Structures are given as structure tokens and as C-alpha cells.
Amino acid sequence: EVHAYESAMGWLKYDSEGRRKHLSDVLNSIRLDLLPVNYLVNVVGKEDMIEENSVTMKMYTKALKNRLGKVKTDVKSRGSGKGRKSESIFNFL
């Protein structure tokens, strides 16, 4: 999905003024919630075109929440040490 995202953004940026109107349709075809969390935060979340569009920001936020939920579930399923909550680092959600 990283390659799909980068290809799509490259296409959009080639003619950003003319293609900006297609941003939400293009992003809708990419499975954002399959991108690594650090990529979502450090690349997708810092993309100006996405930040400036309320529809795509909702798509980004939903993908990030879904991805973080999967990480939290994975951590819980591994078990935790005696008296230790493995999910405590995710309490900020």
C-alpha cells in the first residue's frame, strides 16, 4: 500500500491544481489502514493536500484510529507480565 499511496500522490502532485479535486476519490481506492502506523503519522499525516481537505482528513483519522486499534489488540493478545498492563501506553487514545 505504500507504493500505491506514493504513486497516487505523485500523480496528484504532477498537476496539483488540476487534480486536487480527485484527491478523495484517489485516496478512497487506497487501503490507508494497511499502511504502517509510522508512515501514516510521518508521511500521510503531514501531507498538505490531505490536511487542507476535511474529507481526506476524516479518511486519514479513521485509518489511523483503525491502525492504532489493531496495534492495541495485538499488544493485548500477546499477554502481559504479572501485574503489568500492556495496553497502558495506549491510554492516551
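Before going further, it helps to spend a moment on the side chain of Thr 56. Considering the arrangement of structural elements, one finds Thr 56 in helix H6 (residues 54–77). Taking relative accessible area as the criterion, Thr 56 reaches 1% and is therefore assigned buried. In this structure Thr 56 touches Leu 23, Ser 24, Leu 27, Met 49 and Ile 50, once residues within four positions along its chain are discounted.

Counting 20 residues, the largest nonpolar core has Tyr 5, Met 9, Leu 27, Leu 32 and Val 44 as its most contacted members. If you list the elements that add at least two residues to this core, you get helix H1 (2–14), helix H3 (23–28), helix H4 (37–42), helix H5 (48–51) and H6. No other element matches H6, which puts 5 residues into this core. The contact partners of Leu 27, leaving out residues within four places of it in the chain, are Tyr 5, Met 9, Leu 32, Ile 50, Thr 56 and Met 59.

If you walk through the whole model with that rule in mind, you get 1 aromatic pair. Where Tyr 5 meets Tyr 39, the ring centres are 5.8 Å apart and the plane angle is 90°; that geometry is what we call edge-to-face. Remark: Tyr 39 occurs in helix H4 and Tyr 5 occurs in helix H1; sequence separation between them is 34 residues. Considered together, Tyr 5 and Tyr 39 belong to a single accessibility category, that of buried residues.

Turning to the pattern of salt bridges, a few remarks are in order. Under the counting rule described, the total for this entry stands at 4 salt bridges. Across the salt bridge formed by Arg 31 and Glu 1, the nearest N and O atoms sit 2.4 Å from each other. Taken together, the residues Arg 31 in the loop between H3 and H4 and Glu 1 in the segment before H1 connect sequence positions 30 residues apart. Between Glu 47 and Lys 13 there is a salt bridge, and its shortest N-O distance comes to 3.0 Å. Of the two residues, Glu 47 is situated in the loop between H4 and H5 and Lys 13 in helix H1; the sequence distance between them amounts to 34 residues. Judged by relative accessible area, which is 12%, Glu 47 ranks as buried. The partly exposed category is assigned to Lys 13, whose relative accessible area is 46%.

Time to look at the environment of Leu 64. Structurally, Leu 64 can be placed in helix H6. Each C-alpha atom, one on Leu 64 and one on Asn 38, is 9.8 Å from the other, the two residues being 26 residues apart in sequence.

A separate point is the environment of Ala 4. For Ala 4, the location among the structural elements is in helix H1. Distance in space between the C-alpha atoms of Ala 4 and Ser 29 is 9.1 Å, their sequence separation being 25 residues.

Definitions and limits used
- Residues numbered from 1 in each chain as written.
- Predicted model: local features only at pLDDT ≥ 70, side-chain atom pairs only at ≥ 80, totals over all residues.
- Heavy atoms only, no water.
- Helix = DSSP H or I, 4+ residues; strand = E, 2+ residues; numbered from the N terminus.
- Buried < 20%, exposed > 50% of the residue type's maximum accessible area, 1.4 Å probe, protein only.
- Contact = heavy atoms within 4.5 Å.
- Core = buried A, V, L, I, M, F, W, Y, C linked by side-chain atoms within 4.5 Å.
- Phe/Tyr/Trp six-rings, centres within 6.5 Å; stacked < 30°, edge-to-face > 60°.
- Salt bridge = Lys/Arg side-chain N within 4 Å of Asp/Glu carboxyl O.

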